[in-house]
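Here's the letter readout for the chains.
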Amino acid sequence: MKKDIWYRIKSKPFLLSLAGLAAFSFFSLFFIVLGSAEEKKAGAEKVSVSPGRPDKASPEDLESGKNIYFRKCVWCHGPTGAGDGPAADRLWPRPRNFNAGTFKIRHTASGELPTEEDLFLTVTHGLPGSAMPSWAGILSDKERMQVVRFVRTELVKDRNFLDKETEEFHKIEFGKQVATSKESIEKGKLVYMTKGKCVECHGNDGRGDGNKTQKDEWGFPILPADLRKCWNFRGNREDPYNPKNIFREVSTGLNGTPMPSFADVLSPEDRWNVANFVISLCPPKKIDPLTAKPVLQFVVKSGYNKGEIPSDTNDPKWVSAESTYVGLAGQITEKPRNFVRLVDEVWVKSLYNDKEIAYYFEWDDRNKSVAQPESGNYELQPADVKEVPPGGEPVAVKGQDGWSVYNDSIGIQFPAKWEQLAAPEKPRFIFGDEKNPVDLWKWNAAGGINEYTGKGISNPLTPRDGKNVKIVASEYKDGRWKVILKRDRLTNDKDNEVQFTLGQYIPTSFYIWDGNNGDKGAKTSISTWYYTILKPPVPNNVYVIPPVVVLVVIGFEFWLRRKFEKKKK
């Protein structure tokens, strides 16, 4: 047997096969290592961007940067960099006009050009809260550097980065950072309210509801930042809770906007305290690196409440209830579309008892808009709202100066017969569809609540006579709406009204209409489908049995010990 095996090993075909396999393995390994090395080389390719006055760009960099710009950037910023690309009229805020050399996010003094490194970081990290994405991972470091060099050289027309006589680059000094603390936050709040006068634009609670009539250098309306949404800060560099970003912007100001530099007004210590105060306003949330927004949970967990649903928004039961972040997008698939979406999120809580379920909604809105009382299907006729045609007047201008004002409103909808849906089937998210109608509740700021059956965007919503949904609370203060609605968990109209049962995932979605933004009907901010789940109440024996078991065990051990000691004696 051994001889036979040895004979087979020494046979020519076997040796040839072995040699072939070895050669294949060697070359495979070689090419894998070579490919890896090349990838590493490309990924690790370091580029040098100037932290101060830049050098003259090479013709090769300008040519490559131009090609990248006309593939990736021209659609928003336009062929001459004037911020007038084909998509510009549909974007809020509008894309940057490079021609004047006016850039907001910088490390340089007020009015100065940014450094090349500033522009590189903007392209790398994008500008959260706007349409400008992060280009890291899409363009290599070298490509981002080249497109920056093309922009600063060819598209900034009114100024010259290389002109030493007219252009200076004075980078701000950060000094000694003041660590965040209760004391620092209190000092920062005092500066915010008095010496810095930040309250005049950003409002008492920092929701950007102070001066709402501002325009940028090009005459387009802009709004002060909502400081409660640090994930939307344009210059947060994908690090939204870092007070260094706030210190920088308070020090440099935002060129092209009414936000001035406070470097000559506030000491570095004051600016660090303000930065700590501003960051303290933003609720701590885990941020999704892909969206640069709080991570979506997609489930509204309704907690059991023994007794009456509290009607006070400050009731401890509501305060301690779990809050779900719901991201909203402008509805742009059906006319009239909402390209200027001014409300981009709503926070939702829910409680239920043996009979009812309640939803508590909170959202920021810089303007309280109360128009006329609504009834029937008046407010949900899409044809009532005109849409600006492509290439027409910038939507950003119409958003504040042209639209009629309607009621602020919120809507919540469910598949009327969610129990019959086979996962993942759901109704169409805009007012349902013929096959799967939705049950929609709509509250409006005039104090009304309406219940509708929706069978699709092309069918008018059908108002129902039932008055099952009740307004528990509604209030507006310092740029924030708080609304609580409730309804019986089970109703008699099972064909049109959602039935709430314990422990089931019930598809749920949301609408916000910003009346001051001309939102009405299909022109709305809208969420995707989430779920509501009524968490079954925890049985009392959960709290009783474990202590009883512990006492029994301890008692048994004590009894054993006594018995053993008696025997020993």
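Coordinates for the structure precede this section.
This report concerns the structure included in the present document. Quick caveat, the model's predicted, so the values are computed rather than measured.

So, how was this worked out
- Residues numbered from 1 in each chain as written.
- Predicted model: local features only at pLDDT ≥ 70, side-chain atom pairs only at ≥ 80, totals over all residues.
- Heavy atoms only, no water.
- Helix = DSSP H or I, 4+ residues; strand = E, 2+ residues; numbered from the N terminus.
- Contact = heavy atoms within 4.5 Å.
- Areas by Shrake-Rupley, 256 points an atom, 1.4 Å probe, with all protein chains shown as cover.
- Disulfide = S-S within 2.5 Å.
- Buried < 20%, exposed > 50% of the residue type's maximum accessible area, 1.4 Å probe, protein only.
- 1 Å grid on protein atoms, 1.4 Å probe; cavity = no way out; pocket = protein on both sides within 12 Å on 5 of 7 lines; lining within 4 Å.
- Points joined across faces, edges and corners; volume = space filled by probe spheres on them.
- Nonpolar A, V, L, I, M, F, W, Y, C, P; charged D, E, K, R; others polar.
- Patch = residues over 30% accessible without salt bridge, like charges linked within 9 Å, V, L, I, M, F, W, Y side chains within 5 Å.
- Salt bridge = Lys/Arg side-chain N within 4 Å of Asp/Glu carboxyl O.
- Core = buried A, V, L, I, M, F, W, Y, C linked by side-chain atoms within 4.5 Å.
- Axes fitted to C-alpha atoms, helices over the stretch in contact; angles between N-to-C directions.
- Parallel < 35°, antiparallel > 145°, perpendicular 65-115°, else oblique.

The helix and strand tally for the protein chain stands at 12 helices and 16 strands. Residue pairs in contact within the protein chain that sit at least 24 positions apart in sequence constitute 67% of those at least 6 positions apart. For the protein chain, the accessible surface area stands at approximately 29,400 Å², while carbon and sulfur atoms represent 57% of it.

With that settled, the discussion passes to the state of the cysteines. Counting across every chain of the model gives one disulfide. What pairs with Cys230 in a disulfide is Cys282, and their sulfur atoms sit 2.3 Å apart. The disulfide joining Cys230 to Cys282 has a torsion of about -70° about its S-S bond and is therefore left-handed. Remark: Cys282 occurs in the loop between α9 (268-281) and β1 (287-288) and Cys230 occurs in the loop between α7 (199-202) and α8 (243-252); sequence separation between them is 52 residues. An identical accessibility class is assigned to Cys230 and Cys282; each is buried. Lacking any disulfide linkage, Cys76 is separated from the closest cysteine sulfur, that of Cys73, by 8.6 Å. Residue Cys76 is classed as partly exposed on the basis of its relative accessible area, which comes to 24%. Cys198 supplies the cysteine sulfur nearest to Cys201, a cysteine that is in no disulfide, at a spacing of 8.7 Å.

Take the environment of Leu62 next. As for its placement among the helices and strands, Leu62 is situated in helix α3 (residues 59-77). Sequence separation between Leu62 and Arg152 is 90 residues; the distance between their C-alpha atoms is 9.9 Å. For Leu62, the contacting residues outside a window of four places in its chain are Ala57, Arg149, Phe150, Thr153 and Glu154.

Let us now look at the side chain of Gln146. Looking at where Gln146 falls in the secondary structure, it is placed in helix α5 (residues 141-155). In this view, Gln146 contacts Asp61, Ser64, Gly65 and Ile68; residues no more than four positions away in its chain are not counted.

What follows is about the layout of surface pockets. In this approach the atoms are scanned with a rolling probe the size of a water molecule, which exposes any empty space left behind. Volume-wise, the second largest pocket comes out at about 520 Å³. Lining the second largest pocket are 27 residues, and of these Arg207, Arg228, Glu362, Arg480 and Lys482 lie nearest its centre. A breakdown of the residues in the lining of the second largest pocket according to their chemical character gives nine nonpolar, four polar and 14 charged.

A few words now on a nonpolar patch on the surface. A cluster of nonpolar side chains, contributed by Phe556, Trp559 and Leu560, occupies part of the molecular surface with about 330 Å² of accessible area. Here Leu560 is to be found in helix α12 (residues 541-568).

Once that is clear, we can look at unusual backbone geometry. Look at the link from Trp92 to Pro93: it is a cis peptide, with omega at -5°. By secondary structure assignment, the location of Pro93 is in the loop between α3 and α4 (116-125). In the segment running from Lys335 into Pro336, the intervening peptide bond is cis, with an omega of -5°. Even without a glycine there, the phi angle at Glu238 is positive, about 60°.

On to the nonpolar core. Val346, Tyr359, Phe361, Trp363, Trp443 and Phe500 are the most contacted members of the largest nonpolar core, which totals 30 residues. Elements supplying a minimum of two residues to this core: β6 (345-352), β7 (356-364), β8 (409-415), β9 (438-444), β13 (480-488), β14 (506-513) and β16 (530-534). Among the elements that make up this core, the one with the highest residue count is β7 (four residues). Discounting chain neighbours no more than four positions away, the residues touching Val346 are Thr324, Tyr325, Val326, Leu328, Phe361, Glu362, Trp363, Ile410 and Ile512. Counting residues in each nonpolar core, the second largest holds 25 residues, with Leu227, Ala275, Val278 and Trp347 among its members.

At a minimum axis separation of 7 Å, helix α6 (residues 182-193) and α9 run at an interaxial angle of 100°. Comparing their axes, α9 and α6 come out roughly perpendicular. Taken together, the residues of α9 that come into contact with α6 (itself represented by Ser184, Ile185, Lys187, Gly188, Lys189, Val191 and Tyr192) are Glu269, Asp270, Asn273, Val274, Asn276, Phe277 and Ser280. Looking at side-chain class alone, the contact of α6 with α9 contains five nonpolar, five polar and four charged residues.

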